[in-house]
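# Tertiary structure, described
Take a look at the letters that make up each chain.
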Amino acid sequence: MLLQPNDCWRWFMGEDRHLMLDLGAEMLFSTPYLKKQLVCPETINQCFSVEDAGLYYRFLDTLSSIRAPAQRVQAALNGVAIARFYKPLMPQSWFFEPQADYHQPQLGELIALDIQTELLTMMVVETSPSATVCMSLSGDQLLANSKQLPTFAAIKVMNDRIISLEASYREEEIRKVG
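Below: a short report on this structure. (Residues numbered from 1 in each chain as written. Predicted model: local features only at pLDDT ≥ 70, side-chain atom pairs only at ≥ 80, totals over all residues. Heavy atoms only, no water.)

As a further point, take helix H1 (residues 50-62). For H1, built from 13 residues, the straight-helix expectation of 18 Å at 1.5 Å per residue is met to within 8% by its first-to-last C-alpha distance of 19 Å. Along H1, the positions that sit buried rather than exposed are Asp52, Ala53, Leu55, Tyr56, Phe59 and Leu60. Looking down the long axis of H1, one finds its buried residues gathered within 165 degrees of arc, a one-sided arrangement. Those residues of H1 that are exposed and aimed more than 90 degrees away from the buried face are Val50, Glu51 and Asp61. The elements touched by buried residues of H1 are strand E1 (10-13), strand E4 (45-47), helix H2 (69-85) and strand E6 (119-127). (Helix = DSSP H or I, 4+ residues; strand = E, 2+ residues; numbered from the N terminus. Expected span 1.5 Å × (residues − 1). Buried < 20%, exposed > 50% of the residue type's maximum accessible area, 1.4 Å probe, protein only. Arc of directions from axis to C-beta. Contact = heavy atoms within 4.5 Å.)

Here it is, written out as structure tokens:
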């Protein structure tokens, strides 16, 4: 069952200092994001806006390959929380391999980042001509023995590190045929 936003949904800060979303009908959604990672007042009490709903549906569409509706909703809501409240980030591109083909990602697009041992699947939550904020959809990863990147964590990278999953998929299909 996919949740449909309504005018009762409200963002607030939980007692444990995590950003939360009251979904009404005694349902709460807790993001993994702490107050110190966010740009919002301690006493935040904001409606889930029309812009939030637009992002939510865009992210749900992008995540249609995830079969479990609860996981799709969780990823989409975390994406909205990052896009709306996350503190600006400095790029941390050095954890990822540069790519020969420059890719300008689109909001909500699924991309990959290469950490030498594997490709991490990410979703784009904010773009600019030179850098992208993305959210990890891969399991918890240790980057270069120094930084932990948990599932749903936000990280900003320069666009020369991004691998288009669509282009990667097309190449894979061509190799199978040829």
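Attention shifts here to the nonpolar core. Judged by nonpolar contacts, the single largest core of 35 residues is most densely connected at Trp11, Phe48 and Tyr56. If you list the elements that add at least two residues to this core, you get E1, strand E2 (18-24), strand E3 (27-34), H1, H2, E6 and strand E7 (131-136). For this core, the element with the most residues is H2, which contributes eight residues. If sequence neighbours within four positions are ignored, Phe48 has contacts with Pro5, Trp9, Arg10, Trp11, Leu21, Ala53, Tyr56, Leu77 and Val80. (Core = buried A, V, L, I, M, F, W, Y, C linked by side-chain atoms within 4.5 Å.)

Let us now look at the packing of H1 against H2. Between H1 and H2, the shortest axis-to-axis distance is 9 Å and the interhelical angle comes to 135 degrees. Classified by the interaxial angle, the pair formed by H1 and H2 is oblique. For the pair H1 and H2, the sense of crossing is right-handed. Contacts between H1 and H2 pair Asp52, Leu55, Tyr56, Phe59 and Leu60 from the former with Arg72, Val73, Ala76, Leu77, Gly79, Val80, Ala83 and Arg84 from the latter. Of the residues assigned to the contact of H1 with H2, the class counts are nine nonpolar, one polar and three charged. (Axes fitted to C-alpha atoms, helices over the stretch in contact; angles between N-to-C directions. Parallel < 35°, antiparallel > 145°, perpendicular 65-115°, else oblique. Left-handed = near helix turned anticlockwise from the far one by under 90°. Nonpolar A, V, L, I, M, F, W, Y, C, P; charged D, E, K, R; others polar.)

With that out of the way, let us pick up the sheet that holds E2. Here we have four strands laid out as an open sheet, ordered E3-E2-E1-E4, and antiparallel in their pairing. Of all the strands in the sheet, the pair left with one neighbour each is E3 and E4. Pairs of neighbouring strands in the sheet enclose a mean axial angle of 25 degrees, with direction left out of account. Sheet strands in contact with H2 are E1, E2, E3 and E4, and its direction is about 55 degrees off that of E3. (Pairing = 2+ DSSP bridges.)

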